[in-house]
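Report on the structure
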There are 2 protein chains.
Amino acid sequence: MSLHLSFSSPMLPATLKLRRQKLADLIEVPVILWSGGSSSRNFPANVFPFRASSHFLYFAGLPLENAAIRLESGKLTLFLDESSQASALWHGASPTRDEIATKIGADAAYPLSALKDQVLDAATVAVQDSQTRLEQTRLLDRPISNYPSDIDLKLANAIVTLRLTHDDAAIAEIRKAIAVTVKAHQAGMSATPNATVEAEVRAAMEGVIMANGMTCAYGSIVTVHGEVLHNDRYHHPLRSTDLLLADVGAETATGWASDVTRTWATSGKFSPTQRDLYNVVLAAHDACIAAIRSGVEYREIHLLAGHTIAAGLVDLGILRGQPADLVERDAHALFFPHGVGHILGLDVHDMEDLGDLAGYAPSRTRSQRFGLGYLRLDRPLQSGMVVTIEPGFYQVPAILQDSERREKYRDVVNWERLADFSDVRGIRIEDDVLVTESGSEVLTAALPTSVDAIEQWVRS
Amino acid sequence: MSLHLSFSSPMLPATLKLRRQKLADLIEVPVILWSGGSSSRNFPANVFPFRASSHFLYFAGLPLENAAIRLESGKLTLFLDESSQASALWHGASPTRDEIATKIGADAAYPLSALKDQVLDAATVAVQDSQTRLEQTRLLDRPISNYPSDIDLKLANAIVTLRLTHDDAAIAEIRKAIAVTVKAHQAGMSATPNATVEAEVRAAMEGVIMANGMTCAYGSIVTVHGEVLHNDRYHHPLRSTDLLLADVGAETATGWASDVTRTWATSGKFSPTQRDLYNVVLAAHDACIAAIRSGVEYREIHLLAGHTIAAGLVDLGILRGQPADLVERDAHALFFPHGVGHILGLDVHDMEDLGDLAGYAPSRTRSQRFGLGYLRLDRPLQSGMVVTIEPGFYQVPAILQDSERREKYRDVVNWERLADFSDVRGIRIEDDVLVTESGSEVLTAALPTSVDAIEQWVRS
């Protein structure tokens, strides 16, 4: 473990106390949450950077490795071993258990070995690393998995209720992550004119995140092949006619995420066709954000994106027909085959470790429709939620070359007209939006979205 | 899986064929090696960057995810599933199984499901990710662990024999990693005068590695607290009187590592005391490299480093006595408490997943001596090995404040004189050295080691 406490806030104990009191209102059984351990890369001592479980972070506030907390009736007990002398040689002095307990406002603190006597009837959430998962299974004497049941399911639902909307401390952390992400995108834009390969732009962006003491909340996408939705390759050369899509977000030291995408012309100047399609996506982006407020169904926001994109493509002569009919037939999904966004918090797809428990309201399940199946969020919006809004336009060969789809949509797609837009493979514009009672706040507003402003940033 | 083959060499099939023929000379049973899968970070879809098992990479040449190879009598069979259409949407088109099989010169290629019929009497090596480890255990119907026995131990020994010395293809890859690492260190030095915090220097260094399409072979150490040997924190401010220790190394796309440390003054100018101690470490570094050649015991190289450091500290008035006696008493280890280096290859501590099987010659075990216990390599050097040479000087509070040690060494340490050197907390100089019949080649020679040259690089 290598922990420093310089980033911990004096407000942390009060924040955590409120969170666990709210949890106590929702569940009566004791709760034990493990932080997890590091995962090995190519040999046991060569590990990936440690990431504590998000549920642990929510209630314990600090990324403690190989720790557990017990929550009961609003009380917090910390279980953590102090580091050995050999560890001090290799990893430096660590704060003591009591110092950490004070920082997080724990009511009591013990070595990890004491945990085994306090597990009776306790609920938990599965961590990601399998070593700790085995320990969870052993101590609780039942299989612990990503598909919780019984009291674990009850706990998962209680945590979802809490984590769906954010308190001020959480929003402050998300704002910190976003502030660094904005700088990263700015650096990426500035680095592009002198870069010859995607990897150089990625390095400029992630360098800003690293220099600010943060990590990436997810694997960055920085590519001239934006049509590959989760592209994790960075080897393509940048050609002067390319659009570059960058989906890069910072995560704070205590685990709070941001998630931002911008698309810019590598040359600094969009072609007329690139500008036209970009503005279709931007219209969808703006319409969605304007429609956000507490109580609105997120699914409607998604369909609004589809409608706006369909309407824009009709205007450009790429689609034929009425936008409402086109969306009904999922024709928009030929070019916008993913959901318009998701909830954001301690995870970039918040609480996705619990499957669709957080993303989908009770009794709702994923649609079989081509245009809805990839939607990660299907709930009424609530004040205090942070959601992403990320419409896009892509020319995905696997979709557009598919003979069945070409047949199905042959009357609505003008393939010849589409060919005029061959210099656009992928565009996405993604912001992080805080839902309020009366509307929303775009937390990522410092990063421009208009073609003119982006062109200026690339050339600056 | 997201694989591109742009980095694969036309020589790869010939290289791999030779490796598996050599393996066939050493072991008669069939061998199955799994590549492993990605490890989850905070939720299943948010994974750490995939790293294939090093043993798989050695014989299969490419970082294929969720693949296996079977080696028997010099023949290679590849087991790999082709990616689905949904995967093409999210991750882009992948090369087909047959294209990959051709790239690596496989004799046959099948889907993964065919593997279960070819496992009889096969030996294997445990991978790091637990999901694949379960699969290994299931298919081979016996526990597969980091502590191999029976045919798995026989295989591990055969692989150690092969991987201890490198063929031309391996050395070419290590040279590629080193070339990028040299640039990274250069960038770190140049970035230091304008940096205010360790993280900024780290970002400059890792940015070069990333921009060149490589990854870090291990968690970087970039710190003004070099006395914390495996420091993985980057939050300390840089003060003008600090030395900065940077232990950063690139890894190529096919997994070959480099491992380099330099120490420089944040101001660009070493103080006289910093220069004096740096030159003690440099003398040890140079003496060790001069002593390397095939047949020499690496343990003797380590003791030579201890001797040279002890002699240097006597000259500076920090230690009292004869260097040979001081080393005999492990007094050098008060300031140089780790081994002088290790083997380097596909892992930065090569084959450390097999414990000391590679590092220690048969029948040798770790010493209980304070000055030898951390030595990772105790074998006669062989032509074709690549080893690191990384002596250091540290003032580790956990060692120097230890009352038992202070008592034991009270006659040999001049504590008052030592206090004059309080502006040195940690110095290390680390190069990667290829052992040859008649001597050695310093593969990292492009990066200077002298104080004058380093000062110039920092100020350039």
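Values in this document were obtained by computation on a predicted structure and should not be read as measured data.

Remarks on the packing of helix α1 (residues 12-26) of chain A against helix α4 (residues 97-104) of chain A
When two helices pack together, their arrangement is given by the angle between their axes and by how far apart the axes lie. All names here are of chain A. α4 packs onto α1 with a crossing angle of 70° between their chain directions and a minimal axis gap of 6 Å. As far as their axial angle goes, α4 and α1 are roughly perpendicular. When α1 is examined against α4, the residues Leu 12, Pro 13, Leu 16 and Arg 20 are found in contact with a partner set consisting of Thr 102, Lys 103 and Ile 104.

Concerning the pattern of salt bridges
Residues and elements named next belong to chain A. In total, this model carries 60 salt bridges over all chains according to the counting rule given. With its nearest N and O atoms 3.7 Å apart, the salt bridge here joins Asp 107 to Arg 20. One end of the pair, Asp 107, is in the loop between α4 and β6 (108-110); the other, Arg 20, is in helix α1, and 87 residues separate them in sequence. A relative accessible area of 44% places Asp 107 in the partly exposed class. Here Arg 20 falls in the buried class, since its relative accessible area comes to 3%. The partner of Asp 247 in a salt bridge is Arg 428, with the nearest N and O atoms 2.9 Å apart. With Asp 247 in strand β9 (residues 243-248) and Arg 428 in strand β14 (residues 426-428), this residue pair connects regions lying 181 residues apart in the sequence.

Overview of the interface of chain A and chain B
With 65 residues of chain A at the contact, the number on the chain B side is 65 residues. The contact between chain A and chain B buries some 5,100 Å² in all, and 58% of this surface belongs to carbon and sulfur atoms. Summed over the shared surface of chain A and chain B, the result is 2 salt bridges. A salt bridge links Arg 41 of chain B to Glu 251 of chain A, with the nearest nitrogen and oxygen atoms 2.9 Å apart. In this assembly, chain A and chain B are joined by 11 residue pairs in polar contact (both at pLDDT 80 or more). Of all the secondary-structure elements, those providing two or more residues to the side of chain A that touches chain B are β2 (40-43), α3 (85-91), α8 (198-211), β7 (215-216) and α12 (397-400) of chain A. Sort the elements by how many residues they give to the side of chain A that touches chain B and α8 of chain A lands first, with 8 residues. Partitioned by chemical class, the residues of the side of chain A that touches chain B number 28 nonpolar, 23 polar and 14 charged.

With respect to a negative patch on the surface
A cluster of like negative charges, contributed by Asp 81, Glu 82, Asp 98 and Glu 99 of chain A, occupies part of the molecular surface. Among the structural elements, Asp 81 of chain A can be located in the loop between β5 (75-79) and α3.

Notes on the UniProt feature "domain: Aminopeptidase P N-terminal" (unreviewed entry) in chain A
Under the feature "domain: Aminopeptidase P N-terminal" (unreviewed entry), the UniProt entry names residues 11-135 of chain A. A helix fraction of 34% and a strand fraction of 18% characterise residues 11-135 of chain A, whose end C-alpha atoms lie 32 Å from each other.

Comments concerning the domain arrangement of chain A
Many authors give the size of an interface as the accessible area that is lost as the parts come together. All names here are of chain A. You can read the domains of chain A as domain 1 (12-164) and domain 2 (168-459). For domain 1 and domain 2, the distance between their C-alpha centroids amounts to 34 Å. Each partner contributes residues to the interface: domain 1 has 20 residues there, and domain 2 has 20 residues. Taking both sides of the interface into account, the surface hidden between domain 1 and domain 2 amounts to around 1,500 Å²; carbon and sulfur atoms contribute 60%. A per-residue breakdown of the area domain 1 buries against domain 2 is headed by Val 160, Arg 163 and Leu 164, which together make up 38% of the total. The interface formed by domain 1 and domain 2 includes 3 salt bridges. Of the charged contacts in the structure, one is a salt bridge between Glu 251 and Arg 51, with a shortest N-O distance of 2.8 Å.

Some points on the relation of the copies chain A and chain B
The two copies are related by a screw operation: chain A maps onto chain B through 180° of rotation and 0.0 Å of translation along the axis, at an RMSD of 0.0 Å. In symmetry terms, the pair is related by a two-fold rotation axis. By C-alpha distance to the rotation axis, the residue of chain A lying nearest is Gly 207 of chain A, at 2.9 Å. Here 100% of the contact residues of chain A are again contact residues in chain B; the copies associate through an equivalent surface.

Re the packing of aromatic side chains
For the coordinates displayed, the defined rule picks out 11 aromatic pairs over all chains. Summarising the aromatic geometry, the rings of Phe 48 of chain A and Phe 48 of chain B are spaced 4.7 Å apart at their centres and angled 5° between planes, so their arrangement reads as stacked. A residue pair is termed interchain when its members come from two chains, as with Phe 48 of chain A in the loop between β3 (46-47) and α2 (54-60) and Phe 48 of chain B in the loop between β3 (46-47) and α2 (54-60). On the accessibility criterion, Phe 48 of chain B (8% relative accessible area) is buried. Ring centres of Phe 335 of chain A and Phe 393 of chain A lie 5.2 Å apart, and the angle between their planes is 5°; on these two criteria the pair is classed as stacked. Of the two residues, Phe 335 of chain A is situated in the loop between α11 (323-328) and β12 (386-389) and Phe 393 of chain A in strand β13 (residues 392-394); the sequence distance between them amounts to 58 residues. Judged by relative accessible area, Phe 335 of chain A falls into the buried class, the value being 0%. Overall, Phe 393 of chain A belongs to the buried group, its relative accessible area being 1%. A network of ring pairs unites the aromatic residues Tyr 58, Phe 59 and Trp 256 of chain A as a single cluster. The ring of Tyr 234 of chain A has Arg 202 of chain A sitting right over it, with the charged end atom 4.1 Å from the ring centre. In this structure, Arg 405 of chain B is placed above the aromatic ring of Phe 370 of chain B, and the distance from its NZ or CZ to the ring centre is 4.1 Å.

Overview of the side chain of His 338 of chain A
Looking at the secondary structure, you find His 338 of chain A in the loop between α11 and β12. By relative accessible area, which is 8% here, His 338 of chain A ends up buried. Separated by 2.6 Å, the side chains of His 338 of chain A and Tyr 394 of chain A make a polar contact. The residues contacting His 338 of chain A, other than those within four sequence positions of it, are Leu 229, His 302, Tyr 374, Glu 390, Gly 392, Tyr 394 and Arg 428 of chain A together with Trp 90 of chain B.

Topic: the sheet that holds strand β16 (residues 440-442) of chain A
Residue and element names in this part refer to chain A. Strand order in the open sheet formed by 3 strands is β12-β15-β16, with antiparallel pairing between adjacent strands. Bordering the open sheet on either side are β12 and β16, each of which pairs with just one other strand. The average angle at which neighbouring strand axes cross in this sheet is 30°, direction not considered. Note: strand β15 (residues 431-435) against β16, 3 bridges, orientation antiparallel. Along β16, the bridge assignment pairs Val 433 with Val 442. Sitting on the sheet, helix α9 (residues 272-291) touches β12, β15 and β16, and the angle it makes with β12 is about 155°.

As for unusual backbone geometry
Phi angles above zero are rare outside glycine, and Asp 141 of chain A is one such case at about 60°. For Asp 141 of chain A, the location among the structural elements is in the loop between α5 (130-140) and α6 (150-164). Positive phi is not limited to glycine here, since Ser 73 of chain B has a value of about 50°. Along the chain, Ser 73 of chain B turns up in the loop between β4 (68-72) and β5 (75-79). In this structure Ser 73 of chain B comes out as exposed when scored by relative accessible area, which is 65%.

Re the sheet that holds strand β11 (residues 260-265) of chain A
Whenever strands of a sheet pair, they do so through backbone hydrogen bonds, lying parallel or antiparallel. All names here are of chain A. Overall, antiparallel pairing links the 3 strands, which are arranged β8-β9-β11 in an open sheet. Taken across any chain shown, the strands that pair with only one partner, and hence form the sheet edges, are β8 (221-223) and β11. Neighbour-to-neighbour, the strand axes of this sheet turn through a mean angle of 15°, independent of strand direction. In the sheet, β8 pairs with β9 via 3 bridges, with the strands oriented antiparallel. By the bridge assignment for β9, Ile 221 is matched with Asp 247. Strands β9 and β11 of the sheet are contacted by helix α7 (residues 168-191), whose axis makes an angle of about 15° with β11.

Digging into the environment of Ala 311 of chain A
Residues and elements named next belong to chain A. Among the secondary structure elements, Ala 311 is positioned in helix α10 (residues 298-315). Given a relative accessible area of 23%, Ala 311 falls into the partly exposed group. Taking C-alpha positions, Ala 311 is 32 Å from Leu 164, a pair spaced 147 residues apart along the chain.

Definitions and cut-offs
Residues numbered from 1 in each chain as written. Chains lettered and ligands numbered in written order. Predicted model: local features only at pLDDT ≥ 70, side-chain atom pairs only at ≥ 80, totals over all residues. Heavy atoms only, no water. Axes fitted to C-alpha atoms, helices over the stretch in contact; angles between N-to-C directions. Helix = DSSP H or I, 4+ residues; strand = E, 2+ residues; numbered from the N terminus. Parallel < 35°, antiparallel > 145°, perpendicular 65-115°, else oblique. Contact = heavy atoms within 4.5 Å. Salt bridge = Lys/Arg side-chain N within 4 Å of Asp/Glu carboxyl O. Buried < 20%, exposed > 50% of the residue type's maximum accessible area, 1.4 Å probe, protein only. Buried area = accessible area lost by both parts, 1.4 Å probe. Polar contact = N/O pair within 3.5 Å; in protein donor to acceptor, adjacent residues only side chain to side chain. Nonpolar A, V, L, I, M, F, W, Y, C, P; charged D, E, K, R; others polar. Patch = residues over 30% accessible without salt bridge, like charges linked within 9 Å, V, L, I, M, F, W, Y side chains within 5 Å. Areas by Shrake-Rupley, 256 points an atom, 1.4 Å probe, with all protein chains shown as cover. Lys, Arg positive; Asp, Glu negative; His and termini not counted. Charge placed at Lys NZ, Arg CZ, Asp CG, Glu CD. UniProt positions renumbered as here; feature names shortened; annotations may be inferred. Domains from an automatic or database assignment. Least-squares fit on C-alpha atoms with pLDDT ≥ 70 in both. Phe/Tyr/Trp six-rings, centres within 6.5 Å; stacked < 30°, edge-to-face > 60°. Lys NZ or Arg CZ within 6 Å of the ring centre and 35° of its normal. Pairing = 2+ DSSP bridges.

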